[in-house]
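Each chain is listed here by its residues.
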Amino acid sequence: MGADGAAGRQGRASDPFATGRAVQGGSPVTDPAPIIALRDVCKFYGPFQALTDVNLDIRQGERVVVCGPSGSGKSTMIRCINRLEEHDTGSIIVDGVELDEETRNIRAVRQDVGMVFQQFNLFPHLTVLENLTIGPIRVRRMGRAQAEALGRKFLDRVHIPEQADKYPAQLSGGQQQRVAIARALCMEPRIMLFDEPTSALDPEMINEVLDVMVELAGTGMTMVVVTHEMGFARKVADRIVFMEAGRIVEAAPPEKFFSAPDSERARLFLNQILDH
Amino acid sequence: MRRRKRSLHWIDWLILAVLAGFFAVIWFRISGTLNYKWQWDRIPNYILRWDEEDGRWVANLLLQGLITTIRISIYASILALILGTILGIARCSTNLAIRMLARTYLEFLRNIPPVVVIFIFYFFLSEQIVAAFDIERWARGIARSENPEMWEFFFGDMRRFPSMISGVLVLALFESAFVGEIVRAGIQSIPRGQREAARAIGMGWGDEMRFVVLPQALRKVIPPMSNQFISLVKDSSIISLISVQELTYKTVELVSSTRMIFEAWLTTAALYFLLCFGLSLLFRRLEGERR
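Residues numbered from 1 in each chain as written. Chains lettered and ligands numbered in written order. Predicted model: local features only at pLDDT ≥ 70, side-chain atom pairs only at ≥ 80, totals over all residues. Heavy atoms only, no water.

Residues I181, M192, F194, M213, M223 and F257 of chain A are the most contacted members of the largest nonpolar core, which totals 51 residues. With near-sequence residues (within four places) excluded, I181 of chain A lies in contact with V116, M192, F194, V209, V212 and M213 of chain A. Residues V139 and L193 of chain A together with A198 and A200 of chain B belong to the second largest nonpolar core, which totals 40 residues. (Core = buried A, V, L, I, M, F, W, Y, C linked by side-chain atoms within 4.5 Å. Buried < 20%, exposed > 50% of the residue type's maximum accessible area, 1.4 Å probe, protein only. Contact = heavy atoms within 4.5 Å.)

Another aspect to go through is the environment of G96 of chain A. Along the chain, G96 of chain A falls in the loop between strand 4 (89–94) and strand 5 (97–98). Residues G96 of chain A and T198 of chain A, 102 residues apart in the sequence, show an inter-C-alpha distance of 30 Å. (Helix = DSSP H or I, 4+ residues; strand = E, 2+ residues; numbered from the N terminus.)

Time to look at the sheet that holds strand 4 of chain A. Taking strand neighbours across the sheet as the criterion, the 4 strands line up as 2-1-4-5 (chain A) in an open arrangement whose pairing is antiparallel. Since the sheet does not close on itself, it has two edges, and those belong to strand 2 (48–58) and strand 5 of chain A, each with one partner. (Pairing = 2+ DSSP bridges.)

Now for the UniProt feature "domain: ABC transmembrane type-1" (unreviewed entry) in chain B. As annotated by UniProt and renumbered to match this structure, "domain: ABC transmembrane type-1" (unreviewed entry) occupies residues 66–283 of chain B. As a span, residues 66–283 of chain B carries 82% helix and 0% strand, and end to end its C-alpha atoms are 20 Å apart. (UniProt positions renumbered as here; feature names shortened; annotations may be inferred.)

With that settled, the discussion passes to the packing of helix 3 (residues 61–91) of chain B against helix 12 (residues 247–258) of chain B. Residues and elements named next belong to chain B. For the pair helix 3 and helix 12, interaxial distance at closest approach is 7 Å and the crossing angle is 160 degrees. Between helix 3 and helix 12, the interaxial angle falls into the category roughly antiparallel. The hand of the helix 3/helix 12 crossing is right-handed. Mapping the contact onto sequence places L61, L62, Q64, G65, L66 and T69 in helix 3 and L247, K250, T251, E253 and L254 in helix 12. (Axes fitted to C-alpha atoms, helices over the stretch in contact; angles between N-to-C directions. Parallel < 35°, antiparallel > 145°, perpendicular 65-115°, else oblique. Left-handed = near helix turned anticlockwise from the far one by under 90°.)

Another point: the UniProt feature "transmembrane region" (unreviewed entry) in chain B. UniProt feature "transmembrane region" (unreviewed entry): in the numbering of this structure it lies at residues 12–30, 61–87, 108–125 and 264–283 of chain B. Its end C-alpha atoms 16 Å apart, residues 108–125 of chain B is made of 83% helix and 0% strand.

You can see Q175 of chain A is positioned in helix 5 (residues 173–186). Sequence-distant contacts of Q175 of chain A, defined by excluding residues within four places in its chain, comprise I160, Q163 and E208 of chain A.

The pairing of strands in a sheet happens through backbone hydrogen bonds and is either parallel or antiparallel. Residue and element names in this part refer to chain A. Reading across the sheet, the 6 strands line up as 6-7-8-3-9-10 and stay open at both edges, with mixed pairing between neighbours. Only two strands of the sheet have a single partner each, and these edge strands are strand 6 (113–116) and strand 10 (247–252). With strand direction ignored, the average angle separating the axes of adjacent strands in the sheet is 20 degrees. Strand contacts of helix 1 (residues 74–81): strand 3 (63–67), strand 6, strand 7 (191–195), strand 8 (222–226), strand 9 (239–244) and strand 10, with the helix running at about 150 degrees to strand 7, the strand carrying the most contacts. Lying on the sheet, helix 5 is in contact with strand 6 and strand 7; it crosses strand 6 at an angle near 170 degrees.

Here the focus is the interface of chain B and chain A. Counting residues at the interface gives 18 residues for chain B and 20 residues for chain A. Between chain B and chain A, roughly 1700 Å² of surface is buried when both sides are summed, and carbon and sulfur atoms account for 62% of that area. Summed over the three residues of chain B that lose the most area to chain A, namely A200, I201 and F211 of chain B, the buried surface amounts to 34% of that side. Along the contact surface separating chain B from chain A lie 5 residue pairs in polar contact (both at pLDDT 80 or more). At the level of elements, helix 9 (192–200) and helix 10 (205–220) of chain B are the ones that each hand at least two residues to the side of chain B that touches chain A. Looking at the side of chain B that touches chain A element by element, the count peaks at 8 residues for helix 9 of chain B. Here the residues of the side of chain B that touches chain A are counted per class, giving 8 nonpolar, 5 polar and 5 charged. (Buried area = accessible area lost by both parts, 1.4 Å probe. Polar contact = N/O pair within 3.5 Å; in protein donor to acceptor, adjacent residues only side chain to side chain. Nonpolar A, V, L, I, M, F, W, Y, C, P; charged D, E, K, R; others polar.)

Residues and elements named next belong to chain B. Parsing chain B into structural domains produces domain 1 (71–237) and domain 2 (246–291). Computed over C-alpha atoms, the centres of domain 1 and domain 2 are 23 Å apart. Each partner contributes to the interface: domain 1 provides 11 residues, whereas domain 2 provides 10 residues. Of the roughly 890 Å² buried at the junction of domain 1 and domain 2 (both faces included), carbon and sulfur atoms supply 77%. It is I230, V233 and S237 in domain 1 that bury the most area against domain 2; as a group they hold 44% of the surface buried on that side. Where domain 1 packs against domain 2, one counts 0 salt bridges. The interface formed by domain 1 and domain 2 contains 0 residue pairs in polar contact (both at pLDDT 80 or more). (Domains from an automatic or database assignment. Salt bridge = Lys/Arg side-chain N within 4 Å of Asp/Glu carboxyl O.)

Right under this line is the structure:
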């Protein structure tokens, strides 16, 4: 599954679309400490418990697909990873930083973790290029020229370089979501979270987004994807995590999960979803 | 779209007849019962008069009042905009104390009549500030100095500067409550997802406000804001009660010295109407271009 990063990367992975895995400090085989660690995480919304005793380790470079029926807590869980939701008990450690009340820690984690939303959430009053460069300029304090070069590079990698000066409203849904992916990548994160990235798209545009995600997976980016697209999961995932009612019911590699899942509920879910 | 025939039904004629009758009755009551002598010919003189010594047209009472009203409206609007924006942002703050303070201020100002608010602010705030900064002495100094022209252009007669500043301050404080609510509504109309996206790329609250929320929110609330500006021009007549020499005050002065009650007030009403309606047309034009 690709050679390790002997091609000399300094510091951050500056080009996750380059060939070969982007690896910091060693390959996953020799460096087993998880890049994301959830321990006994519980989350309540008032009396309702959204997450119960969630334990999950994700290694660097691993591609994890989270699936399950709606209301199972999949989105809640990944939103806890970049503190868009606050977990109530347990601990979440991302790239060595524990997520707690400290704003400094939260900001450090958020610059390290990119997120792609179901509703794209592009900034409508900025052009596509400005959407991409506002993070690097304002948060990473990059110079404008350098940020624009970065933005154009990622716009190119998601195959829509000509849209740089358009406004989001002028793009199709698939293009907007690709801009959203490029925007997240412009912050040069080590982890990418995807919260049902294709659920709001018309069917003919789903593939253009999934293709970009498959390419991204091929570069060794750590990805956590909440999705119903099982074809994508089969192709790309190292592990499928099945959740129901706020708990992780089963976690297994795709070959095992799709052919012979351990739990009855996973089997039921697969029957429903794979019928089409 | 089918063109509807614009003809007058018999109902329209009936309504017009009733209205005409109504005004006729009023007219007869005024001219007959009240023995009122109309002196419209004297009014223009109180707008503009010919100064014999200087040999030029000089603004008289009503025009002076109008100019003061315009000045006060502009300065109070700018101040209200700044204060109101701060209040609106505070109202949306994550800090409980700030949010509650802003909310209390806004609720008080929106639930007490403007006249009462203005008197309270005048005695508790403006008077104290004018005394504390010794503004009266400073203003008088400017009035007596060699070339007060520049100051006079912006602030009118400098001897009246303290009361004018008081008026601007209380008007701005009062109107800032409404501006604050408008800004709050604008901020809260920005979809949550965008704010989450801003936070997800690591923006702090300040950056989120400055680059994502406020640019969109302020642009969105321009229609209600321009409405509020026109409202402010009308509310400015209230500060005549604290002796600010704007249009309403001057009209009262005019009436008390010449007894031309109806002509004076009708003229003033016409002046306010021209001002406010003109502004609303202007804003409608500006908004139209934006689309």
